[in-house]
Amino acid sequence: MAGRAFIPTKSSALIAMIADEDTVTGFLLAGVGNVDLRRKTNYLIVDSKTTVKQIEDAFKEFTTKDDIAIVLISQYVANMIRFLVDSYNKPIPAILEIPSKDHPYDPTHDSVLSRVKYLFSAESVASGRR
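- Named according to an unreviewed UniProt entry, the protein is V-type proton ATPase subunit F originating from Rubus argutus.
- Here is the UniProt Sequence similarities (unreviewed entry) comment for the protein, exactly as written: "Belongs to the V-ATPase F subunit family."
- Taken directly from UniProt, the Function (unreviewed entry) text for the protein runs: "Subunit of the V1 complex of vacuolar(H+)-ATPase (V-ATPase), a multisubunit enzyme composed of a peripheral complex (V1) that hydrolyzes ATP and a membrane integral complex (V0) that translocates protons. V-ATPase is responsible for acidifying and maintaining the pH of intracellular compartments."

Okay, here's the thing in structure tokens:
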């Protein structure tokens with residue numbers, strides 16, 4: 001089908017993570033972790049020593065890899081690179097912002113939720129409902 005994103009089926013698609021240590025550890029225990037032949041992982045643990053440049057580089061790397069279907073990013077980390085998260089517009093990999101133990105979820109900063117609200121408001125205006 002034209003216009004649909006394609007995930008390669010010869011190998012399973014991965015979930016990438018950019019989050020604090022506790023969140024990443026929980027997902028690693030659930031089996032999300034992967035290390036490829038070049039010893040590259042599908043996660044980045046963000047702590048006080050992690051620079052914004054490292055987060056940006058990991059986000060760009062994860063969103064350009066063919067074998068990643070979903071990028072989970074802690075919302076407070078996404079706020080550090082909000083310009084990248086908001087400008088990302090491809091369907092795969094999907095970017096999902098998740099809460100962390102120390103930082104509660106704030107729906108006003110969620111890029112997916114804001115896009116859904118925009119689509120529904122534009123749809124209701126286009127159809128004459130208000």
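Picking up where we left off.
1. Regarding the sheet that holds strand 2 (residues 43-45)
Sheet strands line up and pair through hydrogen bonds in the backbone, either parallel or antiparallel.
Here is step 1: Strands sit in the order 2-1-3-4 across an open sheet of four strands; the sheet is parallel. Each edge of the open sheet carries a strand with a single partner, namely strand 2 and strand 4 (94-98). Between one strand and the next, the sheet's axes are offset by a mean angle of 20°, whatever the strand orientation.
Here is step 2: Here three bridges tie strand 1 (residues 14-19) to strand 2, and the two strands are oriented parallel to one another. Looking across to strand 2, one finds that alanine 19 is bridged to isoleucine 45.
Here is step 3: Across the sheet, helix 1 (residues 21-29) touches strand 1, strand 2, strand 3 (68-74) and strand 4, and the angle it forms with strand 1 is around 160°.
Here is step 4: Strands in contact with helix 2 (residues 52-64) are strand 1, strand 2, strand 3 and strand 4; relative to strand 1, the strand with the most contacts, it is inclined by about 170°.

2. Focus on the side chain of arginine 82
Here is step 1: Among the secondary structure elements, arginine 82 is positioned in helix 4 (residues 82-87).
Here is step 2: Here the side chain of arginine 82 touches glutamate 97 through a polar contact of 2.8 Å, side chain to side chain.

3. A look at a nonpolar patch on the surface
Here is step 1: On the surface, Leu96, Val112, Val116 and Phe120 cluster together into a nonpolar patch covering about 320 Å² of accessible area.
Here is step 2: The leading source of residues in the nonpolar patch is helix 5 (residues 111-126), at three residues.
Here is step 3: Assessed through its relative accessible area of 36%, leucine 96 is described here as partly exposed.

4. Here's the deal with the pattern of salt bridges
Pairs may arise between side chains of opposite charge once their charged atoms sit close together.
Here is step 1: One pass over the structure, following the stated rule, counts six salt bridges.
Here is step 2: Ionic pairing is found between arginine 38 and aspartate 36, a salt bridge with its closest N-O pair at 3.3 Å.
Here is step 3: For arginine 38, a relative accessible area of 64% puts it in the exposed group.
Here is step 4: Among the ionic pairs, lysine 53 bridges to aspartate 57, the shortest N-O distance being 3.0 Å. Here lysine 53 and its partner aspartate 57 are both found in helix 2, four residues apart, which amounts to about one turn of the helix.
Here is step 5: When its relative accessible area of 34% is taken as the criterion, aspartate 57 is described as partly exposed.
Here is step 6: Within this structure, Arg82, Asp86 and Glu97 form a network of salt bridges that share partners.

Cut-offs applied
- Residues numbered from 1 in each chain as written.
- Predicted model: local features only at pLDDT ≥ 70, side-chain atom pairs only at ≥ 80, totals over all residues.
- Heavy atoms only, no water.
- UniProt positions renumbered as here; feature names shortened; annotations may be inferred.
- Pairing = 2+ DSSP bridges.
- Helix = DSSP H or I, 4+ residues; strand = E, 2+ residues; numbered from the N terminus.
- Axes fitted to C-alpha atoms, helices over the stretch in contact; angles between N-to-C directions.
- Contact = heavy atoms within 4.5 Å.
- Polar contact = N/O pair within 3.5 Å; in protein donor to acceptor, adjacent residues only side chain to side chain.
- Patch = residues over 30% accessible without salt bridge, like charges linked within 9 Å, V, L, I, M, F, W, Y side chains within 5 Å.
- Areas by Shrake-Rupley, 256 points an atom, 1.4 Å probe, with all protein chains shown as cover.
- Salt bridge = Lys/Arg side-chain N within 4 Å of Asp/Glu carboxyl O.
- Buried < 20%, exposed > 50% of the residue type's maximum accessible area, 1.4 Å probe, protein only.

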